[in-house]
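Secondary and tertiary structure notes
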Protein chains: 2
Amino acid sequence: MRSAFPRTALLSATRASRFLPAYRPAARFYSIKAEAASHSKQRPLDASRLSVEETKAPKELLKPEDLVFGKEFTDHMLAIEWTKDDGWLEPRITPYQNLSLDPATCVFHYAFECFEGMKAYKDKNGDIRLFRPDKNMARLNKSAARIALPTFEPTALVELISKLAKLDSRFIPAQRGYSLYLRPTLIGTQSTLGVGAPGSALLYVIASPVGPYYPTGFKAVSLEATNYAVRAWPGGVGDKKLGANYAPCIVPQQEAASRGFQQNLWLFGEEEYVTEVGTMNMFAAIKDKVTGQKELVTAPLDGTILEGVTRDSVLALARERLAPEGWKISERKYTMAELAEASKEGRLLEAFGAGTAAIVSPIRKISWKGELVDCGLKETEESGEIALKIKEWMEAIQYGDIEHEWSVKV
Amino acid sequence: MRSAFPRTALLSATRASRFLPAYRPAARFYSIKAEAASHSKQRPLDASRLSVEETKAPKELLKPEDLVFGKEFTDHMLAIEWTKDDGWLEPRITPYQNLSLDPATCVFHYAFECFEGMKAYKDKNGDIRLFRPDKNMARLNKSAARIALPTFEPTALVELISKLAKLDSRFIPAQRGYSLYLRPTLIGTQSTLGVGAPGSALLYVIASPVGPYYPTGFKAVSLEATNYAVRAWPGGVGDKKLGANYAPCIVPQQEAASRGFQQNLWLFGEEEYVTEVGTMNMFAAIKDKVTGQKELVTAPLDGTILEGVTRDSVLALARERLAPEGWKISERKYTMAELAEASKEGRLLEAFGAGTAAIVSPIRKISWKGELVDCGLKETEESGEIALKIKEWMEAIQYGDIEHEWSVKV
């Protein structure tokens, strides 16, 4: 037996089955079902209840060099339904397939949706490794709770994701720079238009083999500072990985692109604090005006900044390896004016974005109030020294060249 | 000619068709279609190209008194696909049915979704009337443009919605207070994980017969002022009807409910400006401290307030009918402290929320900083005089008791 969906304001058995015959004769796997309401308490997410249905039509692998980020997916997906009355139902790995949802489903109307981005790597022994999956699980639970979606047992989901990654491990190229991008996604599935906490949800994970962000080595990007639109604010949800934070970012990104900039840079407030680059956290390496001390600075987690796993990792590695060399590592507010002043005085050593996709993404220039703020790269350079070091440190851990607690063999 | 969305990473024809055969043997109606790429320009939304497939399994009508808001839907739905290359494809009215979407579809990940709420009424002659549909169309286009979804020809969509309302008119109860709630919804359907403007979209309309918000007459609600979470921000998207604005509102709503309040009231900034009630606009009737003049006040459209159609209608009717009686009608910032002071001095005459669902929703008390601000109702009253008048004025127009340009016979 499987998915039970007894709930309050939801599709009844009669109603659910009404959709089946006419338009959807295929397996009705992700549809909402009704079961006898015999369970009185919510069940936790239980990896031991996993069932696996392997595909009968394995996909052909693309050549690694033809991979485009998030465009091609593996043979399988993981999915777990949740209901208010029953909690987490049996986890299932099935062939990758469409979701069939009532057009009144709350994910289409009220953005009940959050997600994670994480990667599985193949090490030199052919083993599969996840990078700090506990961080992604913790963040997904925080995101879910903020929008009244259910939380889950982190270790159970890591175990299930590991099984998916192993099952589809043939999709992970062994070369350096390649990995399997994993996308845990949690959506509300209640199909009524009343605005309220969803009585049912679907947690699913899809996997996309991806190549290096910069296949031919770093390529520094130029940014346009955005001060006419605001990504996040105190008391808002900009620190959570919600779908809601993404769609509104596209137009400012397009505006920047229309003027020849690869990304936009989000400023905040009259002070024009530097917050994030497009969908990455931002770091700057600045020499102190008075003491000459080098400082690696990033915005603090004040509720307006995404709590990036790469951000956290960069900070930890910098504290461990740069601080002993005399660097100051800071999480503090800093302004665009401060960057511009440092740039003019030759004290802005480098700047880069940090995120799962690229690890680090060096920045050449920032367009701000009619000036182009130079971020310290020589014309012939595509990356500063710190960005390069950090990428190498991170990859050495991610690909298991050195043993590190962040890299979890599955 | 219309908005072009030239962009980089889009669904190719090959990719779209890959999902069809394996798991979706049924009619592939709402899937993303690839057409012979023979069109060099985008087509406008064209109501004359509508095709109608009537249901073979008409639903049984519920008793009007059993209707729950947004839970039951009519026999049919309207759907129009859009692609970057072709523009708007043929509009279709079909039996109400599930949407089948790739799990990588951008609506699940990045909240590419916006919607409208509007109603069709049955008048005393049995004719069907829409209320100010042009306002909903204009707002949907503004919402769509803000998140890089396609815009459309407003009159064409009103024509198509009218056809849906007529086809399903048997679902609209004739009694006063009943109507057909219409939910135009626009979602991004591109199925790649790169964050960018969707290359395809689906505009659909579903319809739910609804009863009066207060079946047994007004029932005043009490609110909890929320100052620990912020709904909207200048430069943000709080003035657009995006899914993104809704999911983050649930937890504050639940918090209010846990302390016995029906809704929360969104304050803004250190000044604690009054902005919105849950998902409604807010009005207060205040007597001036010095002159004694009565003022009907609501927050201005500064980018943080939803541009409510009911809000706009209330303001217009008040200017036409209350101003001549000496009322001042104001769109201006006002604070919770101002309301509390007026309340203490007996100058807060009444307060109410305004929205499509309830028209007006009278407010009894507001919990704020440990005090309960009394909004002017006697213990035996469930509505103030102005709220009652406005509801009657609005319904007389909506149900066609009087002819008015706002009420459009379909």
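Residues numbered from 1 in each chain as written. Chains lettered and ligands numbered in written order. Predicted model: local features only at pLDDT ≥ 70, side-chain atom pairs only at ≥ 80, totals over all residues. Heavy atoms only, no water.

What to know about the overall build of chain A
When helices and strands are counted, chain A shows nine helices and 20 strands. Relative to the compact-globule value of 22 Å for 410 residues, chain A shows a C-alpha radius of gyration of 23 Å, a close match. Once the C-alpha set of chain A is aligned to its principal axes, its extents read approximately 75 × 50 × 35 Å. Taken over 410 residues, chain A has a buried fraction of 62%. Restricting the contact set of chain A to residue pairs at least 6 apart, pairs at least 24 apart contribute 74%. Accessible area for chain A stands at about 15400 Å²; split by element, carbon and sulfur atoms hold 52% of it. Counting 53 positive and 52 negative side-chain charges, chain A places the averaged centre of each group 3 Å from the other. (Helix = DSSP H or I, 4+ residues; strand = E, 2+ residues; numbered from the N terminus. Rg over C-alpha atoms; globule rule 2.2 N^0.38 Å. Buried < 20%, exposed > 50% of the residue type's maximum accessible area, 1.4 Å probe, protein only. Contact = heavy atoms within 4.5 Å. Areas by Shrake-Rupley, 256 points an atom, 1.4 Å probe, with all protein chains shown as cover. Lys, Arg positive; Asp, Glu negative; His and termini not counted. Charge placed at Lys NZ, Arg CZ, Asp CG, Glu CD.)

Here we look at helix H9 (residues 385–398) of chain B
Residues and elements named next belong to chain B. Over its 14 residues, H9 runs 20 Å from end to end, which matches the ideal 20 Å to within 8%, given 1.5 Å per residue. Taken as a whole, H9 has its buried residues at Ile386, Ala387, Ile390, Trp393, Met394, Glu395, Ala396, Ile397 and Gln398. Downstream of H9 by one or two residues, Gly400 has phi in the positive range, about 70°. (Expected span 1.5 Å × (residues − 1).)

With respect to the UniProt feature "modified residue: N6-(pyridoxal phosphate)lysine" (unreviewed entry) in chain A
All names here are of chain A. On the UniProt side, "modified residue: N6-(pyridoxal phosphate)lysine" (unreviewed entry) is annotated at positions that read Lys241 here. Its location among the elements puts Lys241 in the loop between strand S11 (221–226) and helix H6 (250–258). Judged by its relative accessible area of 10%, Lys241 is buried. For Lys241, the residues in contact, after removing those within four places along its chain, are Cys114, Phe115, Glu116, Gly117, Arg139, Ser143, Tyr246 and Leu306. (UniProt positions renumbered as here; feature names shortened; annotations may be inferred.)

Some points on the packing of aromatic side chains
Applying the stated rule across the entire model yields 24 aromatic pairs over all chains. Measuring from ring centre to ring centre gives 5.4 Å for Phe283 of chain A and Phe352 of chain A, while their planes differ by 10°; the resulting arrangement is stacked. Of this pair, Phe283 of chain A sits in strand S14 (residues 280–287) while Phe352 of chain A sits in strand S17 (residues 348–355), and the two are 69 residues apart along the sequence. Note on accessibility: Phe283 of chain A and Phe352 of chain A belong to one class, buried. Among the aromatic side chains, those forming a connected cluster through ring pairs are Trp233 and Phe268 of chain A together with Trp233 and Phe268 of chain B. Sitting over the ring of Tyr96 of chain A, Lys59 of chain A keeps its end group 4.6 Å from the ring centre. It is Lys333 of chain B that lies over the ring of Tyr273 of chain B; its NZ or CZ is 4.9 Å from the centre. (Phe/Tyr/Trp six-rings, centres within 6.5 Å; stacked < 30°, edge-to-face > 60°. Lys NZ or Arg CZ within 6 Å of the ring centre and 35° of its normal.)

A look at the packing of helix H4 (residues 133–146) of chain B against helix H5 (residues 154–167) of chain B
Residue and element names in this part refer to chain B. In the contact formed by H4 and H5, the axes pass within 9 Å of each other and the chain directions differ by 120°. With respect to H5, the axis of H4 lies oblique. When you trace H4 past H5, the crossing you get is right-handed. Across the interface between the two elements, Pro133, Met137, Leu140 and Asn141 of H4 pack against Pro154, Leu157, Val158 and Ile161 of H5. Residues of the contact of H4 with H5, tallied by class, amount to seven nonpolar, one polar and no charged. (Axes fitted to C-alpha atoms, helices over the stretch in contact; angles between N-to-C directions. Parallel < 35°, antiparallel > 145°, perpendicular 65-115°, else oblique. Left-handed = near helix turned anticlockwise from the far one by under 90°. Nonpolar A, V, L, I, M, F, W, Y, C, P; charged D, E, K, R; others polar.)

Focus on the domain arrangement of chain A
Residue and element names in this part refer to chain A. As far as domains go, chain A holds domain 1 (49–208) and domain 2 (219–392). Distance from the C-alpha centre of domain 1 to the C-alpha centre of domain 2: 29 Å. Listed as interface residues are 17 residues of domain 1 and, on the opposing side, 14 residues of domain 2. A combined buried area of about 1500 Å² lies between domain 1 and domain 2, and 60% of that area is made up of carbon and sulfur atoms. Considering only the surface of domain 1 that becomes buried against domain 2, Phe115, Arg139 and Arg146 emerge as the three largest contributors, covering 37% of it. Put simply, domain 1 and domain 2 have three salt bridges between them. (Domains from an automatic or database assignment. Buried area = accessible area lost by both parts, 1.4 Å probe. Salt bridge = Lys/Arg side-chain N within 4 Å of Asp/Glu carboxyl O.)

Structural notes on the side chain of Asn98 of chain B
Following the sequence through the fold, Asn98 of chain B ends up in the loop between strand S4 (92–95) and strand S5 (99–101). Overall, the relative accessible area of 8% leaves Asn98 of chain B in the buried class. Within the structure, Asn98 of chain B has its side chain in polar contact with the side chain of Ser100 of chain A (distance 3.0 Å). Polar side-chain contacts of Asn98 of chain B include one of 3.4 Å to the backbone nitrogen of Asp102 of chain A. (Polar contact = N/O pair within 3.5 Å; in protein donor to acceptor, adjacent residues only side chain to side chain.)

Topic: the interface of chain A and chain B
On the side of chain B, 72 residues touch chain A, which itself brings 71 residues to the contact. Summed over both partners, the interface of chain A with chain B buries about 6000 Å², with 62% contributed by carbon and sulfur atoms. Where chain A touches chain B, the interface holds zero salt bridges. Taken together, the links from chain A to chain B amount to 29 residue pairs in polar contact (both at pLDDT 80 or more).

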